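Structure assessment
One letter stands for each residue in the lines below.
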Amino acid sequence: MTDTADKAPDTTATDTPPPQREALLEVDHVTLRFGGVVALNDVNFTLYKGEILGLIGPNGAGKTTCFNAMTGVYTPTQGEIRFRGERVSGRARHKITQLGIARTFQNIRLFPEMTALENVMVGADAHHKTSVPSALFRLPRFWKEERSGRDRAHDLLRFVSIERPGELARNLSYGEQRRLEIARALATSPTLLCLDEPAAGFNPAEKDALLKLIRKIRDTGVTVLLIEHDMRLVMGVTDRIVVLEFGKKIAEGLPAEVRDNPAVIAAYLGVPTDAA
Amino acid sequence: MNAHVEKVRARGARMRQRWQNMPRQVRWIAIIALLVFLYLLPNRWFYINLWYFRTMESDMATVLFETSFFVLLAVGLNVVVGFAGLLDLGYFGFFAVGAYTVALLTSPESRFDIGWPWLLAVPAAVAVTMLSGVILGTPTLRLRGDYLAIVTLGFAEMIRLYAARNEGIANGQRGIPEIPHPVPDLKGSDGQSVFGVVDARPYYWLTLTIIIFVILGVRNLTRSRVGRAWVAIREDEDAAQIMGVPTFKYKLWAFAIGAAVGGLSGALFAGKQSFINSDSFQLTNSILVLAAVILGGAGNVYGAVIGAFITWYLPEWVRGIGGALGLEINVAEYRILIFGAVLIIMMIFRPQGILPSRRRAAEFADRRQEAAPTEASA
């Protein structure tokens with residue numbers, strides 16, 4: 001934890017990220033239209049390796065759409081999204097996961113009839129090679145991968161403090177389900193973890209725990225993209241923030257800058273007509 | 001309703017727990033005893049004492065054979081419907097493909113007249129049905145739910161109608177006769193072939209053995225990455241794909257494996273009957289297998305076995321009971337009617353089936369204890 005606190009001043013010291021930082025994900029002038037609706041309008045920002053980037057905006061600003069475009073669910077109408085220099089869109093979704101992008105869902109989407117452990121093992125399987133023949137005949141490679149997947153799943157469950165690996169996902173508490181989603185996403189060994197409103201429905205204590213968990217994840221070397229409504233959480237954990245409104249990027253910068261940005265305040269609180 | 005489901009779940013979990021807690025030796029003895037019982041069952045000296053269990057009016061061995069190959073079909077369909085959650089209404093299409101492949105390869109009456117022995121034709125039949133599963137699955141598995149059901153239904157009907165109308169290869173309604181029995185050289189003590197016309201027992205034993213191997217194979221698959229992928233697809237296909245599961249690949253595998261088992265049953269059927277025509281592949285059979293899987297509990301191998309056993313054996317058994325009670329009704333003729341009613345009742349009171357799919361909580365119980373002490377350090 002202290003580790004993170006030490007790092008924080010470094011990033012705040014410079015206005016823009018230093019050029020030596022390696023770009024992980026580039027959202028390059030992305031426009032996304034659904035018929036006549038422009039969900040994203042020329043959105044342009046870069047995610048650097050090792051940072052926690054917050055993506056915020058009022059309801060309907062296009063956060064989740066942006067998120068879906070990054071994880072390959074939608075293909076941009078114009079512009080492109082590059083992950084480590086490679087185009088994301090146009091690939092099968094499981095290939096994008098193998099590339100190193102993992103995500104959680106705004107509305108929890110676990111596999112409810114599978115145990116917590118199995119849920120995480122599905123994620124761990126993303127990089128496994130065994131298929132039907134080796135599973136059918138129980139070849140040595142099968143046992144090796146099964147064991148490593150299981151150990152990894154147990155480690156991750158401990159990492160997100162879920163103590164009942166054998167419990168069905170549907171029987172876990174709400175908070176545990178949210179954390180299980182994170183564990184499952186981490187099991188795919190991502191370079192980039194995208195969290196879609198992970199604190200929705202959390203009480204302050206749970207939010208604090210989540211804050212610590214997100215930092216812990218970043219400290220393992222995973223870059224985090226965070227969509228969140230809760231300002232305290234966003235301000236407390238992110239290194240940089242991108243603000244969307246009506247599908248457009250209206251601000252980008254350090255948490256403190258964004259907080260004082262008039263456009264952001266206007267977007268969140270509304271502006272009196274005479275002032276506009 | 002939900003409370004009821006929870007109660008049933010809890011009861012099932014307790015039973016499973018009790019079974020898991022038994023010493024390994026006890027479990028093995030129980031399994032072996034069950035297998036010995038199943039292998040002894042078609043012998044007259046054995047079942048004659050089981051007056052409450054045996055069929056009265058039909059030949060016990062024949063009924064058992066029919067039941068066993070129906071069980072095999074259900075185990076195969078369970079992979080497709082139960083595990084991968086793909087609603088396949090045309091499963092008998094694969095059965096027909098398997099049966100016709102064997103018939104065409106072995107029968108002297110077939111157009112090809114190459115007269116392969118039955119044993120050699122079986123792997124060929126399995127391969128052909130697997131291939132037909134892949135051919136059917138490649139374009140259609142992009143569909144979901146109801147659409148897939150309609151397409152598979154169409155496939156089965158196409159196979160049946162083609163077999164009925166095609167004179168060139170399938171011999172139309174006349175069908176293909178003189179399909180050789182399995183292993184004609186294997187002679188019994190009386191000098192007759194073991195796999196003959198009269199005695200159904202060897203066919204039952206053969207099918208039972210195949211079922212055991214198929215169940216072991218399916219178990220191996222479900223307790224692996226493949227099974228996890230199937231269940232994940234069934235639960236939430238989009239989430240599964242985003243978590244890195246190549247969903248199409250595993251759906252196609254489920255389809256191909258199901259088809260292969262269907263083809264294997266078809267090969268057995270052809271070898272036993274030694275005559276097939278399109279009438280053997282009616283649509284109601286597809287529905288009946290599906291009903292058996294749902295009744296037994298989709299997603300559980302043993303549920304499918306029990307469901308199929310009940311679906312096929314019970315009506316035959318009741319037929320005898322009707323006679324014994326002096327009733328003129330042939331219960332077997334009302335099978336579909338009764339079955340429909342039972343299914344409706346099941347869907348209301350026990351939608352998960354008799355022996356529902358249970359995630360294997362107990363398997364990880366030991367790991368849980370192992371993980372607990374390290375919790376503090378993490």
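The rules behind the values
Residues numbered from 1 in each chain as written. Chains lettered and ligands numbered in written order. Predicted model: local features only at pLDDT ≥ 70, side-chain atom pairs only at ≥ 80, totals over all residues. Helix = DSSP H or I, 4+ residues; strand = E, 2+ residues; numbered from the N terminus. Rg over C-alpha atoms; globule rule 2.2 N^0.38 Å. Buried ≥ 20, exposed ≤ 12 C-beta atoms within 10 Å, placed from the backbone. Contact = placed C-beta atoms within 7 Å. Domains from an automatic or database assignment. Nonpolar A, V, L, I, M, F, W, Y, C, P; charged D, E, K, R; others polar. Core = buried A, V, L, I, M, F, W, Y, C linked by C-beta atoms within 7 Å. Pairing = 2+ DSSP bridges. Axes fitted to C-alpha atoms, helices over the stretch in contact; angles between N-to-C directions. UniProt positions renumbered as here; feature names shortened; annotations may be inferred. Expected span 1.5 Å × (residues − 1).

**Details of the overall build of chain A**
The secondary structure content of chain A amounts to eleven helices and ten strands. Relative to a compact globule of 276 residues, whose C-alpha radius of gyration would be 19 Å, chain A shows 20 Å and is just as compact. Burial statistics for chain A: of 276 residues in total, 42% are counted as buried. In chain A, once contacts between residues fewer than 6 apart in sequence are set aside, the share between residues at least 24 apart is 68%.

**Describing the overall build of chain B**
Helix and strand content of chain B: 15 helices and zero strands. Expressed as a percentage of contacts within chain B between residues at least 6 apart in sequence, the contacts between residues at least 24 apart total 76%.

**Re the domain arrangement of chain A**
Quite often, the size of an interface is put as the accessible area lost when its parts meet. Residues and elements named next belong to chain A. For chain A, the assigned domains read domain 1 (1–100 + 190–276) and domain 2 (111–189). Taken together, the contacts link ten residues of domain 1 with eleven residues of domain 2. Of all the secondary-structure elements, those providing two or more residues to the side of domain 1 that touches domain 2 are helix H3 (93–99) and helix H8 (204–219). In terms of residue count, H8 provides more of the side of domain 1 that touches domain 2 than any other element does, three residues in total. Of the residues in the side of domain 1 that touches domain 2, the class split is six nonpolar, three polar and one charged.

**Concerning unusual backbone geometry**
Note: most peptide bonds trans; most residues except glycine with negative phi. All names here are of chain A. Although it is not a glycine, Asp-42 sits at a positive phi angle of roughly 55°. Within the secondary structure, Asp-42 is located in strand S2 (residues 37–48). Its 13 C-beta neighbours within 10 Å are what place Asp-42 among the partly exposed residues. Its identity is not glycine, yet Phe-246 carries a phi of approximately 50°, on the positive side. In this fold, Phe-246 is placed in the loop between strand S9 (240–245) and strand S10 (248–253).

**Concerning the nonpolar core**
In this structure, Leu-226 of chain A together with Ala-74, Val-75, Val-102 and Ala-254 of chain B are the most contacted members of the largest nonpolar core, which totals 180 residues. Here this core gets 17 residues from one element, more than from any other, and that element is helix H4 (residues 60–83) of chain B. Excluding residues within four positions of it along the chain, Leu-226 of chain A makes contact with Ile-52, Leu-53, Gly-54, Leu-55, Leu-195, Ile-214, Val-234, Val-237 and Thr-238 of chain A.

**Here's the deal with the interface of chain A and chain B**
Residue-level contacts link 39 residues of chain A with 31 residues of chain B. Of all the secondary-structure elements, those providing two or more residues to the side of chain A that touches chain B are H3, helix H4 (116–124), helix H5 (132–136) and helix H6 (140–159) of chain A. Considering only residue class, the side of chain A that touches chain B consists of 15 nonpolar, twelve polar and twelve charged.

**Considerations on the environment of Glu-22 of chain A**
Residues and elements named next belong to chain A. Among the secondary structure elements, Glu-22 is positioned in the loop between helix H1 (2–13) and strand S1 (23–34). With 26 residues separating them along the chain, Glu-22 and Tyr-48 place their C-alpha atoms 5.7 Å apart. Excluding anything up to four places from it in sequence, Glu-22 contacts Tyr-48 and Lys-49.

**Regarding the sheet that holds S1 of chain A**
All names here are of chain A. Pairing is antiparallel in the open sheet, where four strands are placed in the order S2-S1-S4-S5. Since the sheet does not close on itself, it has two edges, and those belong to S2 and strand S5 (86–87), each with one partner. Packed on one face of the sheet, helix H2 (residues 63–70) meets S1, S2 and strand S4 (78–83) and runs near 65° to S2.

**Some remarks on the UniProt feature "transmembrane region" (unreviewed entry) in chain B**
All names here are of chain B. Under the UniProt annotation, the feature "transmembrane region" (unreviewed entry) is placed at residues 25–42, 63–83, 89–106, 118–141, 203–221, 252–271, 283–314 and 334–350. Within the segment residues 118–141, helix and strand shares are 96% and 0% respectively, and the terminal C-alpha atoms sit 32 Å apart. Secondary structure content for residues 203–221 is 100% helix and 0% strand, while the C-alpha to C-alpha distance between its ends is 27 Å.

**Observations regarding helix H2 (residues 24–40) of chain B**
The end-to-end C-alpha separation of H2 of chain B is 24 Å, in line with the 24 Å expected for 17 residues at 1.5 Å each. For H2 of chain B, the buried fraction is low: zero of the 17 residues fall into the buried class.

**Overview of the sheet that holds strand S6 (residues 101–103) of chain A**
All names here are of chain A. With respect to topology, six strands assemble into an open sheet ordered S6-S7-S8-S3-S9-S10, the strand pairing being mixed. Because the sheet does not close on itself, it has two edges, and the strands there are S6 and S10. Averaged over all pairs of adjacent strands, the angle between strand axes in this sheet comes to 20°, irrespective of strand direction. Pairing of strand S7 (residues 192–196) with strand S8 (residues 223–227), which is carried by five bridges, proceeds in the parallel orientation. Among the inter-strand pairings, Cys-194 is bridged to a residue of S8, identified as Leu-225. With respect to the sheet, helix H11 (residues 262–269) is in contact with S9 and S10, its orientation differing from that of S10 by roughly 125°.

**Quick word on the environment of Glu-80 of chain A**
Residues and elements named next belong to chain A. Within the fold, Glu-80 resides in strand S4. The exposure class of Glu-80 is partly exposed, given the 16 C-beta atoms found within 10 Å. Once the C-alpha coordinates of Glu-80 and Val-30 are considered, the two residues, 50 residues apart in sequence, prove to be 5.8 Å apart. Not counting the four nearest positions on each side in its chain, Glu-80 is found in contact with Asp-28, Arg-87 and Ser-89.

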